[in-house]
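Chain and residue survey
Each chain, letter by letter, is given below.
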Amino acid sequence: MGKLVLYGVEASPPVRACKLTLDALGLQYEYKLVNLLGGEHRSKEYTLKNPQHTVPMLEDDDGKCIWESHAICAYLVRRYAKDDTLYPKDYFKRALVDQRLHFESGVLFQGCIRNIAAPLFYKNETEVPRHKIDAIYEAYDFLEVFIGSQAYLCGTGITIADFSMVSSVTSLVGLAPIDPKRYPKLTGWLDRMAKLPNYQSLNGNGAQMLIDMFSSKITKIV
């Protein structure tokens, strides 16, 4: 048996979600930075493992490769966790976690982060339409309702949905600051997540990196 290897970049929210999951499970792994600007993810060696040439990618201790952060996080829990707390086996509880994960990937990551990042970093645009910022606040509105009177997104305990969601939300606060008066539930949840062991190194630093990348490119919200 080999060792777990996670391929990624620090600024990537999905990579950070995987790192939070690995840490919560107490798993040892090797972290390999992928030089996206240098095209390392498009090398023959990488695309043989991941034809979609994306990060994160997990190479498990049997040499099998999995990409897409939600698939990775769910796999890690199912294979290595001592219990199902992070990804419940109960049908309804798991469906709730899955719904939050789909919301994160479709609405927050694709609809907000990637929708803004792609034109900036791949088309060299410098202006962001106001409606894209409005979409972030619309997502915050939903999250405020999702959390409600609960401590976390799916109830009283942390799940992989919290790891995925916090990686994206903390990457957006530079573009759409969160007003504690408007979003008290969301603010409280973020504060609780920030108290996790190793949170700053696993998510906080990378989130700030992406915020700084946005700031360096954006000249105007129009």
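Residues numbered from 1 in each chain as written. Predicted model: local features only at pLDDT ≥ 70, side-chain atom pairs only at ≥ 80, totals over all residues. Heavy atoms only, no water.

Structural notes on the UniProt feature "domain: GST N-terminal" (unreviewed entry) in the protein
If you check UniProt for "domain: GST N-terminal" (unreviewed entry), the listed places come out as residues 2-84 in our numbering. Secondary structure over residues 2-84 splits into 36% helix and 19% strand, and the C-alpha atoms at its two ends are 25 Å apart. (UniProt positions renumbered as here; feature names shortened; annotations may be inferred. Helix = DSSP H or I, 4+ residues; strand = E, 2+ residues; numbered from the N terminus.)

Looking at helix 7 (residues 184-194)
Within helix 7 the residues assigned to the buried category are L186, T187, G188, W189, L190 and M193. On its buried face, helix 7 sits against helix 5 (130-147), helix 6 (160-172) and helix 8 (199-217). (Buried < 20%, exposed > 50% of the residue type's maximum accessible area, 1.4 Å probe, protein only. Contact = heavy atoms within 4.5 Å.)

So, unusual backbone geometry
Across the junction of V55 and P56, the peptide omega takes the value 5°, indicating a cis bond. Residue position: P56 is located in the loop between helix 2 (44-49) and strand 3 (57-59). Backbone geometry at N124 places phi at a positive 60°, although glycine is not the residue there. Here N124 is to be found in the loop between helix 4 (91-122) and strand 5 (127-128). Accessibility expressed as a relative area gives 55% for N124, which makes it exposed.

Remarks on the state of the cysteines
What the rule picks out here adds up to zero disulfides. Residue C65 stays outside any disulfide, its sulfur separated by 13 Å from that of C18, the closest cysteine. In this structure C65 comes out as partly exposed when scored by relative accessible area, which is 22%. (Disulfide = S-S within 2.5 Å.)

With respect to the pattern of salt bridges
A side chain of one charge can pair with a side chain of the opposite charge if their charged atoms are brought near each other. Enumeration over the complete set of coordinates arrives at seven salt bridges. Notably, a salt bridge pairs E10 with K19, separated by 2.8 Å at the nearest N-O pair. As a salt-bridge pair, D61 and R79 come within 3.1 Å of each other at their nearest N and O atoms. Of this pair, D61 sits in the loop between strand 3 and strand 4 (65-67) while R79 is found in helix 3 (residues 69-80), placing the two residues 18 residues apart along the sequence. Here R79 falls in the partly exposed class, since its relative accessible area comes to 32%. Here the salt bridges share partners, and the residues they tie into one network are D60, D61, D62 and R79. (Salt bridge = Lys/Arg side-chain N within 4 Å of Asp/Glu carboxyl O.)

Here we look at the packing of aromatic side chains
Following the criterion strictly, the structure yields eight aromatic pairs and no others. Pairwise contacts between aromatic rings join F103, F142 and F146 into one cluster. The lysine or arginine in question, R94, covers the ring of Y87, its NZ or CZ lying 3.9 Å from the ring centre. (Phe/Tyr/Trp six-rings, centres within 6.5 Å; stacked < 30°, edge-to-face > 60°. Lys NZ or Arg CZ within 6 Å of the ring centre and 35° of its normal.)

So, the nonpolar core
The nonpolar side chains of a soluble globular protein tend to be buried with one another. Judged by nonpolar contacts, the single largest core of 69 residues is most densely connected at Y140, I160 and W189. With nine residues, helix 4 is the largest single contributor of residues to this core. The residue makeup of this core includes at least three contributed by each of domain 1 (5-80) and domain 2 (91-221). (Core = buried A, V, L, I, M, F, W, Y, C linked by side-chain atoms within 4.5 Å. Domains from an automatic or database assignment.)

Description of the UniProt feature "domain: GST C-terminal" (unreviewed entry) in the protein
What UniProt calls "domain: GST C-terminal" (unreviewed entry) maps, in this numbering, to residues 90-221. The distance separating the terminal C-alpha atoms of residues 90-221 is 44 Å; by composition the span is 70% helix and 3% strand.

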